[in-house]
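# Residue-level structural notes
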Amino acid sequence: MGGGRMEMLPREAADPEYPKDSSKAGSRNDGNLIGLFEPSHMQFKGNRMNDVGGEPSLSEMVEKVIEILQKDKDGFFLMVEDKLLLQQTGGRIDHAHHDGLAYHALHDTIAMDKAVAKAMSMTNEMETLFIVTADHSHVLSIGGAADRGSPILGRGGLMNDGLPFTTLSYANGPGGIEELNSFKSTGSRRNLTDTNTESADFHHPALVPIDSETHGGEDVTIYANGPMSHLFHGVHEQHYIAHVRQNQTESDERENPKTLAAKGDYQNWLTVGNDLQRQQERGQTAGSGLGCSKERWLTVGCGDDNVTHLPKSRPLRTGSIK
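Described below are features of the structure shown in this document. Note that this is a predicted model, so its numbers are computed, not measured. (Residues numbered from 1 in each chain as written. Predicted model: local features only at pLDDT ≥ 70, side-chain atom pairs only at ≥ 80, totals over all residues. Heavy atoms only, no water.)

## Here's the deal with the overall build of the protein
Helix and strand counts for the protein stand at 10 helices and 9 strands. Only carbon and sulfur atoms are counted for the fraction: they give 51% of the accessible area of the protein, which is about 17500 Å². (Helix = DSSP H or I, 4+ residues; strand = E, 2+ residues; numbered from the N terminus. Areas by Shrake-Rupley, 256 points an atom, 1.4 Å probe, with all protein chains shown as cover.)

In structure tokens, the structure reads:
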């Protein structure tokens, strides 16, 4: 489910929600799919209340999809991105940041959080692995000099030039263009004293003027819960996530540490990502009185007893992607 309806409607077919807008007409020559609520991107959460088509929330879509997928007794794999678009993958959190609209970025992040909570409430954490992460960051920052109690989207106090500043700002983006225009006309940055900085269409200040804010370069967080979630700790390359997921689903036997310990199959127990060095170290038999290093315990356990008690679920494990 998501946006992208124009990519699924017959060529030149009028969009049911915007029948008079030819730019949103269908663009393909075969079949239709249901569950497409916009011709292109879905609405920001903050704009959905004004949508004449009654666009569902991310939580509502997640709930319906899980209800359908749970009918498969073999289980399922579900990928959810904030307001997924079929035309080109892109979350609306990402789009809001590119537009310098912190209001929408934060509100859509809340919507994503609610969707995760809904999914967790509908599944069993002992048999469902959740992985929540991002593919990159953005150059949004929180000004540390904001007065105590300042609204996150509001003003944080006065700076040395006597003008108020916002709690949030970007290193670059559309807000920088507005600051540049202000310098050209007044000789200083924007005076936001009488500006509603918490409105949905407010461009937060940016240092460098550019039409579209850019991605950031720092690590992003990985949140995980459920079977094998303990594998997410420290810093990982992006492809590590796929290896963990494959390791978790590839063999039912791997969900039983006791069976693997009895076979001495430490190497197959955790064949993931960049753990190749550890993988080689695991080619030992169970019951051999293995030494118990901290690093080894975090991955496979050690000794005759500990490895058989390796928990299937360590809630809220976190790591990061570099």
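## What to know about helix α1 (residues 58-69)
For α1, which comprises 12 residues, the first-to-last C-alpha distance of 16 Å matches the rise-based estimate of 16 Å (1.5 Å per residue) to within 8%. Among all positions of α1, only Leu 58, Ser 59, Met 61, Val 62, Val 65 and Ile 66 are buried. With its buried residues spanning 160° around the axis, α1 presents them on a single face. Residues of α1 that are buried sit in contact with α3 (102-121). (Expected span 1.5 Å × (residues − 1). Buried < 20%, exposed > 50% of the residue type's maximum accessible area, 1.4 Å probe, protein only. Arc of directions from axis to C-beta. Contact = heavy atoms within 4.5 Å.)

## So, unusual backbone geometry
At Met 228, a position not held by glycine, the phi torsion is positive, near 70°. In this structure, Met 228 sits in the loop between β7 (220-225) and β8 (234-236). Judged by relative accessible area, which is 5%, Met 228 ranks as buried.

## Some words on the side chain of Ser 59
Mapped onto the fold, Ser 59 is located in helix α1. One polar contact links the side chain of Ser 59 to the main-chain carbonyl oxygen of Lys 114, over a distance of 3.5 Å. (Polar contact = N/O pair within 3.5 Å; in protein donor to acceptor, adjacent residues only side chain to side chain.)

## Topic: a nonpolar patch on the surface
Nonpolar side chains collect at one region of the surface, where Phe 76, Leu 78 and Val 80 lie side by side and expose about 200 Å² of accessible area between them. Within the fold, Leu 78 resides in the loop between α1 and α2 (92-98). Classification of Leu 78 as partly exposed rests on a relative accessible area of 30%. (Patch = residues over 30% accessible without salt bridge, like charges linked within 9 Å, V, L, I, M, F, W, Y side chains within 5 Å. Salt bridge = Lys/Arg side-chain N within 4 Å of Asp/Glu carboxyl O.)

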